[in-house]
Structure formats: C-alpha cells, structure tokens
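Results of the structural survey
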Amino acid sequence: MALEALKEVARKIIGSTTVDKKFVEEIVKDIQRALIKADVNIKQVKEISETIRKRALSEEVPDYFDTREHVLKIVYEELLKGVGEGIDIPLKKARIMLVGLQGSGKTTTAVKLAKYFKDRGLKAAVIAGDTWRPAAFEQLKQLADAHSVAFYGYKGLKAVEVVKKALEVAKEDVVIIDTAGRHALEKELIDEMIEIARIANPDYKFLVIDAAIGQLASKQAKAFHDAIGINGIIITKFDGTAKGGGALSAAREIGIPIAFIGTGEKIEDFEKFDPASFVSRLLGMGDLKSLLEKVERVAKEEEIDAEAFLKGTFTLKDIYKQIEAMNKLGPLKKVLEMIPMLGLKIGDEVMEMTQEKMKKFKVIMDSMTEEELLNPKIIDSSRIRRIAIGSGTTPQDVRELLKYYETVRNVMKRMKKGKLPLKGLKFGL
Ligand SMILES: Nc1nc2c(ncn2[C@@H]2O[C@H](COP(=O)(O)OP(=O)(O)OP(=O)(O)O)[C@@H](O)[C@H]2O)c(=O)[nH]1
Ligand SMILES: [Mg+2]
C-alpha cells in the first residue's frame, strides 16, 4: 500500500538529528509522494503538504515537545484533517441500506455489518434485495447462515417487494438491505434504488466503494449521492490496493463521512472508521493521539510544580511527583519507542536502567521522613545509611538520588522565568 510510505516519513522524523528548513522540505516532499501514489486528489495533496510546511516552519515549539515531536504532531494533525470524518453509529435499532457498483463488496459487507452489530449485543438481519443476479440470494443466505445472522429473502419477487415483505416480518434491531449492483449507474437501477429507499426509509444509506478504483470513487459517490442521498461511505478491499487514498479523498471532497472499512475477504476483516487511530496507524505510531495528549497533560502538571518552586522551595517531594508524572505516561520504554522525548537516544539497556532507577528513587524516598523530604539538606551520612537500610538499597544509591535532586535544583535555580526546560529534566536520570 502506498500509504505505507508514511510510516517511513514518521520514522525519518523521529530519527532526525536536526530539524531545519531543508529537512522540513524533504519531509513535505516525501509526504506528497506518498499521497500522490496512494491516489489522493492532487488538490488535497497540495493543501495538506503546504499546511504542514507552513506550520512546521513557522510555529513555535511548545516547551514539552522537542522539534521532532512537534513536526510529527503537525503531520499527524494535518493528515487527520485530510482523511475526513468518521461517523458515530449508536448501538440501537436501525435500518441500513447498502448500494454500490457491481462487485464493490455489498453482499459481503452486509454480513460484515450484521456481525459487527451482533458482536455488540444487538440482533441483526440481512435482506436479499438483489434480485437481478441469480446467485445473489444464495450467496447472502450462505454467508448469513455461516455467521448466525437472520436472513430474509423471497425468490420470485421483485426487489422492492422483497424489501417490503421482509421489513414487515423482521423484528431484529438492525436490519441491513443488500441491493443489486451494476457496471454503471443505469436508469432502471436508479429507479429501483430510489423505490427501495422510499419504502424502507433507512436510517443509513451507505455507499460501498471498492478502494481499488482510487480517485474514480469521487465521480461514483457523487452519482449515488445525487440519486438517493448517501449518508456514509464504506470502503472495501483496502487490503489489496495501493490506491486507498483515492476513496478517502473522494469522501472528503464530497463531504460524506466514512463509516467502515473492509480489510479482507473474511467477515471479521472489517472495522469502524476511526480517523485518529487510522492516521496513527498510517504513521506506524500506535495510538499517537492519546499519547500526545498524555504527554501534554503530564507536562502541564509538572509545570505547575515548577511555578511553586520558583516562588519558594523545591524539595525531594517535587522529585517524587516528577517521577510519578513519568509513571503516569505508562511504561517508559513504550513511550520512548513512540516519541523520542528529549532527544535522548537510548538503547534498551540504559532505558531499563532508567526505569529501574526511577523505581529505586521512589523506594528510597518512601523510606525518608517528612522532614527529610521537605528539607534534604539535613540528610547527613548517618541518615543516608539509615535510609539505605530502610529502603533495602545502598548508601551510594541514596547519594545518587541526592545528587540528582541537587542537579535538578540547580538547573531550576538558574531559570529566571516561569518557563521550564522540562525536556532536560524529565529523563535526565
Ligand atoms: N480483499 C477483500 N475482498 C473483499 C472485501 N470485501 C469484499 N471482497 C470480495 O469482493 C468480491 C465481491 O464481493 P461481493 O460482496 O459479492 O460484492 P457485491 O457488491 O455484492 O457484488 P454484486 O452483488 O455482484 O454487485 C468477493 O470475492 C468478496 O470476497 C474486502 O474488504 N477485501
Ligand atoms: Mg452482491
């Protein structure tokens, strides 16, 4: 898949040593290339890459990110804008009608959708509204049976009649209507579609689009939208094409949200379209969004501590809080894997050591008295020995903690304003 190249871009940003104008231009070119290859509409490619360039070159980097994190965040945010919206489908009673060109994946998707709702505790059924292709009835029935989804179909009736009759008897929460596909939109098909939509009055009319058609999706979606008013798009076969970006940008172009994505032939190969996690995955970053938010939140908490210090004291208690803030981010190793905080390049060994040390420091501080925590100056060698014994560590460990405290304290002392160079401090263990 061409969009895979975006993972490389993310890696390049993370691995960079200097983020200057030249580097930003290079990244922007890489992104352009990846999007064009993925068949994203050229106008959108320009828009996205221009905004990334402008922001990366002009925005001030906040304290709590380094330049690379900041650029990565910009790339993430602009791609997110670029993929368009998702749609929230409440888990309640609903009628869904599927339309689309021949072979786009409607019948398979009907059962995938039914299974999706079934897995979430609702009863689901499918209706065989394709009466044009002789094998359509059996195909849907077999798939439905195989996944214990209720099936309604009546041979010998016209599609409109089938839907009418089925809706009279179907008592399931979610009812999904499969319809006939054609090579192109013909009048007969359009009329039938309009009639089914009128009779069924669906809550959702989803257009099923094969990702492989790339940018042609736009024309297709417009035609269906004009005919019956689509309120969601399902992109299928995202697994098998390099052109997936085309359907994505078509959705954005005509302003219809993407509801689901089909990623394989199996019924399980189906997911709700969640723009944030979709883009995170494109960048190979796991759940980048919540991670970025966490870093920001925790960094802000620390900043408040810093203000307190600047007014008066900075004690071991602040170090304790700092360590706890780091712990809130989750396993340090994982965090560092995703976002290279502070520009530290640390190997596994050092990283484990660091986390170990954090734990040790905490244990040591747990063995101190309140007085010692608030006024570390009073800790002399006999106290150091007692604390070491109490915490099951060595006097050397205790000294190391005190030294770390002093270092941080000195850095902070040198600061004049309320802004904190959090970067150097957080993982400066
Ligand atoms: N790889 C892959 N194949 C898919 C996906 N969705 C559907 N297919 C395959 O695409 C082919 C066509 O799927 P159908 O569900 O029959 O498509 P349709 O739109 O109902 O086709 P018509 O009824 O003839 O218009 C089948 O071989 C499916 O297994 C998907 O997400 N990924
Ligand atoms: Mg079909």
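Before reading further, recall that the structure is shown in the block above.
For clarity, every value in this text was computed on a predicted model and none was experimentally measured.

1. Points about unusual backbone geometry
For Asp-39, which is not glycine, the phi torsion reads 70 degrees and is therefore positive. Positionally, Asp-39 belongs in the loop between α2 (21–37) and α3 (42–58). A residue is classified by how much of its surface remains accessible, and Asp-39, at 17% relative accessible area, is buried. Despite not being glycine, Lys-237 has its phi angle at roughly 55 degrees, a positive value. Position of Lys-237 relative to the elements: it lies in the loop between β6 (232–236) and α10 (244–254).

2. Quick notes on the site of ligand 1
Neighbouring residues of ligand 1: 20 residues in total, closest Gly-105, Lys-106, Thr-107, Thr-108 and Asp-239. In this structure, Gly-105 approaches ligand 1 through a main-chain N or O atom, which is 2.8 Å from an oxygen atom. Note that an oxygen atom of ligand 1 is positioned 3.3 Å from one of the backbone N or O atoms of Gly-262. For ligand 1, whose unbound accessible area comes to 650 Å², protein coverage reaches 82%. It is helix α5 (residues 106–119) that contributes the most residues to the shell around ligand 1, four residues altogether. Considered class by class, the residues forming the shell around ligand 1 number one nonpolar, 12 polar and seven charged.

3. Some points on the sheet that holds strand β5 (residues 204–210)
Taken in spatial order, the eight strands line up as β3-β2-β4-β1-β5-β6-β7-β8 in an open sheet, and their pairing is mixed. The strands lining the two open edges of the sheet, one partner per strand, are β3 (150–152) and β8 (270–272). Neighbouring strand axes in the sheet, compared pairwise and without regard to direction, differ in orientation by 25 degrees on average. One ladder, built from four bridges, connects strand β1 (residues 94–99) with strand β4 (residues 174–179); its direction is parallel. By the bridge assignment, Ala-94 is partnered in β4 with Val-174.

About the cut-offs
Here the residue index of a chain counts from 1 through its sequence in written order. For this description, chains carry letters from A and ligands carry numbers from 1, given in the order in which they are written. Restriction of local features to residues with pLDDT of at least 70 applies here, the model being predicted, together with a cutoff of 80 or more for giving and counting side-chain atom pairs; totals for whole chains, interfaces and linings are based on all residues. With hydrogens and water stripped out, all remaining heavy atoms of the structure feed into the side-chain values. Strands here are runs of E lasting at least two residues and helices are runs of H or I lasting at least four, both read from the DSSP assignment and numbered beginning at the N terminus. Each residue is placed in one exposure class: buried if its accessible area under a 1.4 Å probe, protein chains only, is under 20% of its type's maximum, exposed if it is over 50%, and partly exposed if it falls in between. We call a residue near a molecule or strand as soon as one heavy atom of that residue lies within 4 Å of the molecule or strand. In the analysis that follows, any N or O atom pair within 3.5 Å is treated as a polar contact, provided that within protein one partner can donate a hydrogen and the other can accept it, and provided that, for residues neighboring in sequence, both atoms belong to side chains. Using a 1.4 Å probe, the Shrake-Rupley method yields the accessible areas, and only the shown protein chains count as cover for residues. In this count, Pro and Cys sit with the nonpolar residues alongside Ala, Val, Leu, Ile, Met, Phe, Trp and Tyr, while Asp, Glu, Lys and Arg are called charged and the others, Gly among them, polar. Criterion used throughout: strands pair if DSSP finds at least two bridges between them. Fitting a line to C-alpha atoms yields each axis, with helices limited to the stretch in contact; the angle taken between N-to-C directions then spans 0 to 180 degrees.

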